[in-house]
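# Structural overview
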Amino acid sequence: MQQVVNGLFLGSIYALFALGYTLVFGVLDILNLAHQAVFMLCAFTALALVGTLHLHTLVALPIAIVAAGLVGVLLERAAFRPLRGRSDSNISGLISSLAAATIFEALALAAWGPGQFRFPFGSVPDRRLQLGGAIVSEVQAVIIGISVAMMLALTWLLRRTRLGRHIRAVAESPLAARILGVNVDRVIAASFFISSALGGAAGVLFGLAFNDVSADMGRSVELKGLAVIILGGMGSMPGAVLAGYGLGIIEVFTVAKLGSSWRDGVSFAVLFLVLLLRPRGLLGQAATRLA
Amino acid sequence: MSTVRGALVVLLTLSGVNTLAADSTARIGAALSLTGDAAVYGATQRNGILLAVEDVQKGQLPPGVKLEVVVEDDGSSKQQAISVYQRFINQQKVSAIIGPTLSTTATGADPIAQMAKVPVVAVSNTAAKGITDIGNYIWRVSLMEKQVVPGAMKTAQQRLHFKTAGVLYGNDDVFTKAGYDVMKATLDQLGVKILGTQTFARTDRDFNAQITALKALNPDILVVSALAENASAIVTQARQLGWSGAIMGGNGFNSPAFIKNAGPAAEGVLVGTAWNSASPSPANQRFKQAMAARGFTADQFAAQAYTGVLVLAEAIKQAGGKTGREDIEAGLAKVKNLDTPLGTFSFTPSRDGEHEPAVQIVKNGKFEILQ
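Residue positions are given per chain, counted from 1 along the sequence in the order it is written. Note on labels: chains are lettered from A, ligands numbered from 1, in written order. Where local features are concerned, this predicted model is filtered to residues with pLDDT of at least 70; where side-chain atom pairs are given and counted, the filter is 80 or more; whole-chain, interface and lining totals use all residues.

## Quick word on the overall build of chain A
Only DSSP runs of H or I covering at least 4 residues are called helices, and only runs of E covering at least 2 are called strands; the numbering of each starts at the N terminus. Along chain A, the regular secondary structure elements total eleven helices and two strands. Element order for chain A, N to C, with α for helix and β for strand: α-α-α-α-β-β-α-α-α-α-α-α-α. Our radius of gyration looks at C-alpha atoms and nothing else; its globule reference is 2.2 Å times the residue count to the power 0.38. Taking 2.2 N^0.38 as the reference for a compact globule, 291 residues should give roughly 19 Å; the C-alpha atoms of chain A span a radius of gyration of 19 Å, in line with that estimate. Along the first, second and third principal axes, the C-alpha atoms of chain A reach 55 × 45 × 35 Å. When burial is assessed residue by residue, chain A has 52% of its 291 residues classed as buried. Put plainly, a residue is buried at 20 or more neighbouring C-beta atoms within 10 Å of its own, exposed at 12 or fewer, and partly exposed in between, counting only other residues' C-beta atoms, which are placed from the backbone.

## Digging into the packing of helix α9 (residues 217-232) of chain A against helix α11 (residues 262-277) of chain A
All names here are of chain A. Direction vectors running N to C along α9 and α11 enclose 30°, while the axes themselves pass 10 Å from each other. Considering their axes alone, α9 and α11 lie roughly parallel with respect to each other. By crossing handedness, the relation of α9 to α11 is classed as left-handed. Residue-level inspection shows Lys224, Ala227, Ile230 and Leu231 of α9 in contact with α11, the latter providing Ser267, Phe268, Leu271, Val274 and Leu275. Axes here refer to lines fitted to C-alpha atoms; in helices the fit is confined to the stretch in contact. Angles between the N-to-C directions go from 0 to 180 degrees. Working definition: roughly parallel below 35 degrees, roughly antiparallel above 145 degrees, roughly perpendicular at 65 to 115 degrees, and oblique for all remaining angles. By the definition used in this description, the sense in which the near helix is turned from the far one sets the handedness, with an anticlockwise turn below a right angle giving left-handed and a clockwise turn giving right-handed. Working definition of a contact: two residues with C-beta atoms, positioned from the backbone, lying within 7 Å.

## Here we look at the interface of chain A and chain B
Counting residues at the interface gives 23 residues for chain A and 24 residues for chain B. Within the residue set of the side of chain A that touches chain B, elements represented by two or more residues are α1 (2-28), β2 (134-137) and α10 (237-258) of chain A. No other element matches the four residues that α1(A) contributes to the side of chain A that touches chain B. Each residue is assigned to one of three groups, with Ala, Val, Leu, Ile, Met, Phe, Trp, Tyr, Cys and Pro labelled nonpolar, Asp, Glu, Lys and Arg labelled charged, and all others, Gly among them, labelled polar. Split into classes, the residues belonging to the side of chain A that touches chain B amount to eight nonpolar, eleven polar and four charged.

## Some remarks on the sheet that holds strand β3 (residues 96-98) of chain B
Through backbone hydrogen bonds, the strands of a sheet pair up, either in parallel or in antiparallel fashion. Residue and element names in this part refer to chain B. Should DSSP find at least two bridges between two strands, the strands are taken to pair. Across the sheet, five strands lie side by side as β2-β1-β3-β4-β5; this open sheet has parallel pairing. Two strands bound the open sheet, and with one partner strand each, they are β2 (65-73) and β5 (138-140). For this sheet the average axis-to-axis angle between neighbouring strands, irrespective of direction, equals 25°. For strand β1 (residues 24-32) and β2, the ladder comprises nine bridges, and the chain directions are parallel. By the bridge assignment, Leu32 is partnered in β2 with Asp73. Strands in contact with helix α2 (residues 39-56) are β1, β2 and β3; relative to β2, the strand with the most contacts, it is inclined by about 170°. In the packing of helix α3 (residues 78-91) onto the sheet, the strands contacted are β1, β2 and β3, and the crossing angle to β1 comes to about 170°.

## Notes on the pairing of strand β10 (residues 270-273) of chain B
Residues and elements named next belong to chain B. The side-chain alternation of β10 yields two buried faces, one formed by Leu270 and Gly272 and the other by Val271 and Thr273. The sheet contact formed by strand β9 (residues 246-249) and β10 spans two bridges and is parallel. What sits directly across from Gly249, in β10, is Val271. Here is how to tell: hold the view so the strands point away, follow the path from the first strand over the helix to the second, and if it runs clockwise the crossover is right-handed. As a crossover connection, the stretch from β9 through helix α9 (residues 256-262) into β10 is right-handed.

## Comments concerning the confidence of the model for chain A
Per-chain confidence: chain A averages 85 in pLDDT, with 97% of residues scoring 70 or above. Confidence, expressed as mean pLDDT per element, reaches its minimum in chain A at strand β1 (residues 128-131) of chain A with 77 and its maximum at helix α2 (residues 35-51) of chain A with 91. For every residue, the predictor reports its confidence as pLDDT, a number between 0 and 100.

## Describing the nonpolar core
With 222 residues, the main nonpolar core has Leu19(A) and Ala43(A) as its most contacted residues. Sort the elements by how many residues they give to this core and α1(A) lands first, with 17 residues. Among the domains, domain 1 (24-143 + 279-355) and domain 2 (146-273) of chain B are the pair contributing at least three residues each to this core. A set of buried Ala, Val, Leu, Ile, Met, Phe, Trp, Tyr and Cys residues, joined through C-beta atoms within 7 Å, is what we mean by a nonpolar core. The domain limits used here are those given by an automatic or database domain assignment.

## Remarks on unusual backbone geometry
Trans peptide bonds make up the majority, and among non-glycine residues the majority have a negative phi. For the peptide bond that leads from Gly99(B) to Pro100(B), omega is -15°, which places it in the cis range. Relative to the assigned elements, Pro100(B) resides in the loop between β3 and α4 (103-115). Although it is not a glycine, Asn211(A) adopts a positive phi angle of roughly 45°. Looking at where Asn211(A) falls in the secondary structure, it is placed in the loop between α8 (184-210) and α9. One non-glycine residue, Lys117(B), adopts positive backbone phi at about 60°. Among the secondary structure elements, Lys117(B) is positioned in the loop between α4 and β4 (120-122).

## Some remarks on helix α7 (residues 208-215) of chain B
When you tally the buried positions in α7(B), you get seven out of eight residues, the bulk of the element. What α7(B) keeps buried is the set Asn208(B), Ala209(B), Gln210(B), Ile211(B), Thr212(B), Ala213(B) and Leu214(B). Against the buried residues of α7(B) lie α1 and α10 of chain A together with β6 (164-170), β7 (193-200), β8 (221-225) and α8 (228-240) of chain B.

## Some points on the packing of α9(A) against α10(A)
All names here are of chain A. At a minimum axis distance of 8 Å, the contact between α9 and α10 shows a crossing angle of 125°. By the angle class used here, α9 and α10 are oblique. α10 is crossed by α9, and the crossing has right-handed handedness. Facing Lys224, Ala227, Val228, Ile229, Leu231 and Gly232 of α9, the residues of α10 in contact are Gly239, Ala240, Leu242, Ala243, Gly244 and Leu247. Partitioned by chemical class, the residues of the contact of α9 with α10 number eight nonpolar, three polar and one charged.

## Notes on the sheet that holds β10(B)
Residues and elements named next belong to chain B. Taking strand neighbours across the sheet as the criterion, the seven strands line up as β7-β6-β8-β9-β10-β14-β15 in an open arrangement whose pairing is mixed. Both outer strands of the open sheet, β7 and β15 (366-369), are each paired with one neighbouring strand and no more. Neighbour-to-neighbour, the strand axes of this sheet turn through a mean angle of 25°, independent of strand direction. Bridge count for β10 against strand β14 (residues 358-363) is four bridges, and the pairing is antiparallel. The partner of Thr273 across the bridge, within β14, is Ala358.

## With respect to the domain arrangement of chain B
Residue and element names in this part refer to chain B. Per the domain assignment, the segments of chain B are domain 1 (24-143 + 279-355) and domain 2 (146-273). For domain 1 versus domain 2, the separation of C-alpha centres amounts to 28 Å. Between domain 1 and domain 2, the residue contacts involve 17 residues of the former and 17 residues of the latter. Those elements that place two or more of their residues in the side of domain 1 that touches domain 2 are α2, α4 and α11 (300-318). The leading source of residues in the side of domain 1 that touches domain 2 is α4, at three residues. Here the residues of the side of domain 1 that touches domain 2 sort into eight nonpolar, seven polar and two charged.

## Digging into the pairing of β1(A)
All names here are of chain A. Summarising the sheet, β1 and β2 pair through four bridges and their orientation is antiparallel. Looking at β2, one finds that Leu131 is bridged to Ala134. Once β1 ends, the chain turns through two residues before running back antiparallel as β2, passing Gly132 with a positive phi of about 65°.

## Brief notes about the environment of Arg278(A)
Residue and element names in this part refer to chain A. Within the secondary structure, Arg278 sits in the segment after α11. The class for Arg278 is partly exposed, based on 13 C-beta atoms found within 10 Å. Spatially, the C-alpha atoms of Arg278 and Arg168 are 24 Å apart, while their sequence positions differ by 110 residues.

Quick look at the structure:
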């Protein structure tokens, strides 16, 4: 039972991270490899707010998330928009985002150094609750709660608001959306804002969860995030969530039963199997090309 | 003709001046992990070394001999250590090398020094295999896990009377794996039943799964072999998951940085140590005072690094004040019963260190020797 809680906890972070990833992919058909760098930068921002400015963690969290969103907008403007007209914009965008990720990581290294940093004691709650046979720490509960809340907020945004409709329209066909009067540039910027905010939130929560923020923390989730969105179906948000939680639970049980050396192997083996048996992912839609 | 003769005279005078000079400087290269996973150890080792270099100038070295130390960062990585060693040996032409911080790194870099016939004094490598058995130019001041852990665990068992244990270790690092081998052997020898074993990798941050699995088996004690960063995360997460039993760690825990990062979760953790901080020996008192005067925190790694320099100074003395590579190599073989912060130090026939270890417990945010 405790392992299930552990899995849900890890899964929340994966799901949140993957949601941002898959949002941009759904809208722009581009893999934003700088997502993990935003993940890391947001964690550092929150750390700076709590550690240096001594803000309460719950106050620092939204500020850091908004900052991450703004970085996302900046990223879009600098790394993606100039390449948008081109025929190879998918690949060039990918490479451009890779460059941005490297730059971000170097900036973080220059600003904070290569060590592992911690949130100061007392800024992270450490009470524990008993739930059935499992012990859930307050941090874990808060993180699961915030993740679920953000996912629900995203769903509401996409389904019920005008911006959400516009995003879905642009995801469907940017040209048609533009013809229908949607400000495509603004929508794309908004998508990046949301995506980076989600990725950044995942970063802060990850940093709080394991009390560890370092310039290379994005690397460990980078591949996992990719695996999650492929597993869930690229462009599918419910897929990302499902796969995120699924992978979290699979990882935890693999470590417990087989040992930690098997963890990554099993995760990617599962991905491999799903790709073989169901290439579009668990909830992805088969690609249809209309003339 | 006269210009040639003039040049010859100048040349001869200059060379004569050189041989007449009594001042010789022994240049030592220190390859330390100042960044990366082992940065917490490297930082304090550097303090110990720089302090020792100053101290030995005050009387331990024969007159006219100076010690110069060049400190370089090996980044806690084999590749970087190898290039640092090559620079030391070929460009800076050091007479001896101290380091590197991690056993894993040493297995890659020390063979280069062995091939170049440059003596290496390891001050924090504790793996049993792969260090001094590289060759006769590799010497070791730090006690191996198999010299520290058995005594420490026996004392701990006499106090806590544990009969079952859960073991967690890092399986991708030479030191943590070697530590695990010793811990397992010692537990078997003490008749303690190992209920479960879990592993992790150095880059892991989430240990909840492993700790939960071990906790479910209800052992009396949790035995962990990990480097400091992982160690603090493991201990913190274990306490968060509700593990209130005893925890015993290997040499990786032996850093005040571990206590600092784990905070209140570190209380009561037991660690075997090569440095008996309570020892009244003169060298130890001198070391502690000097560290305190500089505002450095004295810990096992600083004490071992400091001792490494003392040993090199003694080797130079034994070599009659000569500072070449072969001289130091010969001198190291003659070091016996040297008074160091670690105690009375000698080398074993296999060039490993030998002195009395101790066991400590974390109390009120500090390491205290368990008498």
